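# Descriptive analysis of the structure
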Amino acid sequence: MTDSVKYVLDESDLPRHWYNIVADLPAPPPPVLHPGTHQPVTPEDLAPIFPMAVIEQEVSRERDIEIPGPVRDIYRQWRPSPLYRARRLEKMLDTPARIYYKYEGVSPAGSHKPNTAIAQAFYNRQEGIKRITTETGAGQWGSALAIAGAFFDLEIEVFMVKVSFQQKPYRRSFMETFGATCIASPSDLTAAGRAVLAEHPDSTGSLGIAISEAVERAVARDDTKYALGSVLNHVMLHQTVIGLEAMKQFDLAGDYPDVVIAPTGGGSNFAGITFPFLGEQLRGGRKIELIAVEPSACPSLTRGRYAYDFGDTAHLTPLVKMHTLGSTYVPPGFHAGGLRYHGMAPLVSHVTDLGLVTPRAYQQVQCFEAGLQFAKAEGIIPAPEANHGVRAAIDEALRCKEEGVSRAILFNLCGHGNFDMQAYRDYLDGKLMDLEYDDGEIAMALSGLPSVA
């Protein structure tokens, strides 16, 4: 085992293939269903929304899917991203644990989101598409797609959840700098948005509502497709470059993780860091503990129901089986906007249902407390979403201290918090409060789940 602080790969070590965990699962994931017929969707059903190359990846069972050359060329600007050994944090905690973090904040957008934004923009451009619509919560995904749109000369329209639009004005400025249009959701530009505003004029919005607006805009024009920053299989696939690189970096470190942790909202960040390690385990490799960390105010994995549901509020999407709080549920406006989604990625939900993942939920104040502790030790201010992973990693390290054992803990620091300083200001001023989900609202949303045999 080395005494290095960072483990850096050469550009030549950049993965040439994404990893598809479907090839190694002990049971296939449940199919995506057409909302009208409840039969498995066909590529033709999805063609109005996504380019065909993306649809093929969504349903693929191949283990390795080649990363196109133009996508790898852009990846090279920030990939391979560094793996750090958090030695100062270990010392601060006085723990025998070996703490590592993969740092995705080095990307142009400051998060892991460009890993799929670049790929999706490439495939859309290849098919002759001129315009992409999407949603964004905290703004990381919208920022990433704005950059990708500039690289591939695509018009980008982003519906940003209203509470985040108000909390994070510089994310809007970032997107508009790259030529994207950013709209607070719910808006009066769509039937879905107008319906929400008619019933709830002061709605803070949700990712489910923003998805409805973006999908509605996409299907209205032949030159337009929709892009999703999380949840779907092809997004999980694109993010596996994170874990594939981390495996090589652990070889450099002469170590292997015992525990892998990631914050989990829609699931792409978690899948990106964990699925390559989980695939190794499923093929007979070393068993590891996987911890998915979500906000207590939007606890789809720990409190949701594993059932078929719509991915959006207006019910424009196909039905997917996932851990869900109900598609009409609107989470409270906590600061980790990227984790404010009613459902969880079908693949992440599936491996959790198989007992391969341990879900855990935290309140936002204890996550910000961990974020400040990490920042003081490591010099990086994490995004509010990333703070959930930091919290769990610190707790696991303290458990090692209590038990007197040394375990290797890996977590994905999925983005920096440089656009989130108002949230840190609120925390430092004692204004940041824990927000609770409403049991009654969730019960009402779950009562409306579609009936699927």
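Our subject is the structure that appears above.
All of the points below concern the structure found in this document. (Residues numbered from 1 in each chain as written. Predicted model: local features only at pLDDT ≥ 70, side-chain atom pairs only at ≥ 80, totals over all residues. Heavy atoms only, no water.)

## With respect to helix α5 (residues 114–126)
Helix length check: α5, at 13 residues, gives a terminal C-alpha distance of 18 Å against a target of 18 Å (1.5 Å per residue), a fit within 8%. Of the residues one or two after α5, Gly128 is the one with positive phi, at around 85 degrees. (Helix = DSSP H or I, 4+ residues; strand = E, 2+ residues; numbered from the N terminus. Expected span 1.5 Å × (residues − 1).)

## Concerning the pairing of strand β7 (residues 155–161)
Within a regular strand, side chains alternate between the sheet's two faces. Taking burial as the measure, the seven residues of β7 include six buried ones, the bulk of the element. Across six bridges, strand β6 (residues 131–136) lies against β7 in parallel orientation. Across the sheet, the residue bridging to Arg131 is Glu155, located in β7. Of the crossover connections in this fold, the one passing from β6 over helix α6 (residues 140–151) to the parallel β7 is right-handed. Relative to strand β8 (residues 181–185), β7 runs parallel, the two sharing five bridges. Opposite Phe159, over in β8, you have Ile183 as the bridge partner. (Buried < 20%, exposed > 50% of the residue type's maximum accessible area, 1.4 Å probe, protein only. Pairing = 2+ DSSP bridges. Right-handed = clockwise from strand over helix to strand, strands pointing away.)

## Overview of the pairing of strand β15 (residues 408–413)
Here β15 lies mainly inside the structure; six of its six residues are buried. Every second residue of β15 is oriented toward a common face, with Ala408, Leu410 and Asn412 on one face and Ile409, Phe411 and Leu413 on the other, all of them buried. Sheet analysis places strand β5 (residues 98–103) next to β15, joined by six bridges and oriented parallel. Bridge pairing links Ile99 to Ile409 in β15.

## Points about the pattern of salt bridges
The tally for this structure, following the rule as stated, stands at 28 salt bridges. With a closest N to O distance of 2.7 Å, Arg217 and Glu157 form a salt bridge. Taken together, the positions of Arg217 in helix α10 (residues 207–219) and Glu157 in strand β7 put the pair 60 residues apart, joining distant regions of the chain. With relative accessibility at 24%, the residue Arg217 sits in the partly exposed group. A relative accessible area of 7% places Glu157 in the buried class. Across the salt bridge formed by Asp395 and Arg391, the nearest N and O atoms sit 3.0 Å from each other. Here Arg391 and Asp395 lie together in helix α17 (residues 384–403), a separation of four residues that amounts to about one turn. Judged by relative accessible area, which is 25%, Asp395 ranks as partly exposed. Among the ionic contacts, a cluster of salt bridges with common partners joins Glu289, Arg360, Glu396, Arg399, Glu403 and Arg407. (Salt bridge = Lys/Arg side-chain N within 4 Å of Asp/Glu carboxyl O.)

## With respect to the sheet that holds β15
Each strand in a sheet pairs with its neighbour through backbone hydrogen bonds, running either in the same direction (parallel) or in the opposite one (antiparallel). The seven strands are arranged β1-β4-β5-β15-β10-β11-β14 in an open sheet whose pairing can be described as mixed. Because the sheet does not close on itself, it has two edges, and the strands there are β1 (6–7) and β14 (358–362). Sheet analysis places strand β4 (residues 83–85) next to β5, joined by three bridges and oriented antiparallel. What sits directly across from Tyr84, in β5, is Tyr101.

## A look at the sheet that holds β6
The strand order β8-β7-β6-β9 describes an open sheet built from four strands, whose pairing is parallel. Every interior strand has two partners, whereas the edge strands, β8 and β9 (224–226), have only one. Between one strand axis and the next, the sheet turns by 25 degrees as a mean value, whatever way the strands run. Where α6 meets the sheet, it contacts β6 and β7, and its direction lies at approximately 160 degrees from that of β6. Sitting on the sheet, α10 is in contact with β6, β7, β8 and β9, with an inclination near 170 degrees to β6. (Axes fitted to C-alpha atoms, helices over the stretch in contact; angles between N-to-C directions. Contact = heavy atoms within 4.5 Å.)

## Details of the environment of Pro51
Among the secondary structure elements, Pro51 is positioned in the loop between α1 (43–46) and α2 (52–59). Look past the residues within four positions of Pro51 in its chain and what remains in contact with it is Tyr123, Asn124, Glu127 and Lys225.

## Points about the packing of helix α9 (residues 191–199) against α10
The geometry of α9 relative to α10 is characterised by a closest axis approach of 7 Å and an angle of 145 degrees between their N-to-C directions. Taking contact as the criterion, the partners of Ala191, Ala192, Gly193 and Val196 in α9 are, on α10, Ile209, Ser212, Glu213 and Glu216.

## Details of the nonpolar core
In this structure, Trp18, Tyr75, Tyr226, Phe275, Phe277 and Leu410 are the most contacted members of the largest nonpolar core, which totals 95 residues. Aside from chain neighbours lying at most four places away, what touches Tyr75 is Leu14, Trp18, Ile67, Pro114, Asn115, Ile118, His238 and Val241. Of all hydrophobic cores here, the second largest spans 30 residues; its members include Tyr103, Ile291, Val390 and Cys400. (Core = buried A, V, L, I, M, F, W, Y, C linked by side-chain atoms within 4.5 Å.)

## Some words on the environment of Arg171
With respect to the helices and strands, the residue Arg171 is situated in helix α8 (residues 169–177). Residues Arg171 and Gly139, 32 residues apart in the sequence, show an inter-C-alpha distance of 5.7 Å. Leave out the neighbours within four places in its chain, and Arg171 touches Ala109, Ala138, Gly139, Gln140, Ser143, Met160 and Phe419.

## A look at the packing of aromatic side chains
Applying the stated criterion across every chain yields a total of 16 aromatic pairs. Considering the side-chain rings of Tyr84 and Tyr101, the 5.2 Å spacing of their centres and the 20 degrees angle between planes classify their relative orientation as stacked. Note that Tyr84 is positioned in strand β4 and Tyr101 in strand β5, a separation of 17 residues in sequence. When its relative accessible area of 1% is taken as the criterion, Tyr101 is described as buried. The interplanar angle of 75 degrees and the centroid separation of 5.0 Å between the aromatic rings of Tyr101 and Phe374 together place this pair among those described as edge-to-face. With Tyr101 in strand β5 and Phe374 in helix α16 (residues 364–378), the pair connects residues that are 273 residues apart, well separated along the chain. The same class applies to Tyr101 and to Phe374, which are both buried. Aromatic ring contacts, followed pair by pair, group Tyr7, Tyr100, Phe250, Tyr256 and Phe277 into a single cluster. Above the face of the Tyr100 ring, Arg85 is positioned so that its terminal group lies 5.4 Å from the ring centre. Its guanidinium or amino end placed over the ring of Phe174, Arg171 lies 6.0 Å from that ring's centre, counting from NZ or CZ. (Phe/Tyr/Trp six-rings, centres within 6.5 Å; stacked < 30°, edge-to-face > 60°. Lys NZ or Arg CZ within 6 Å of the ring centre and 35° of its normal.)

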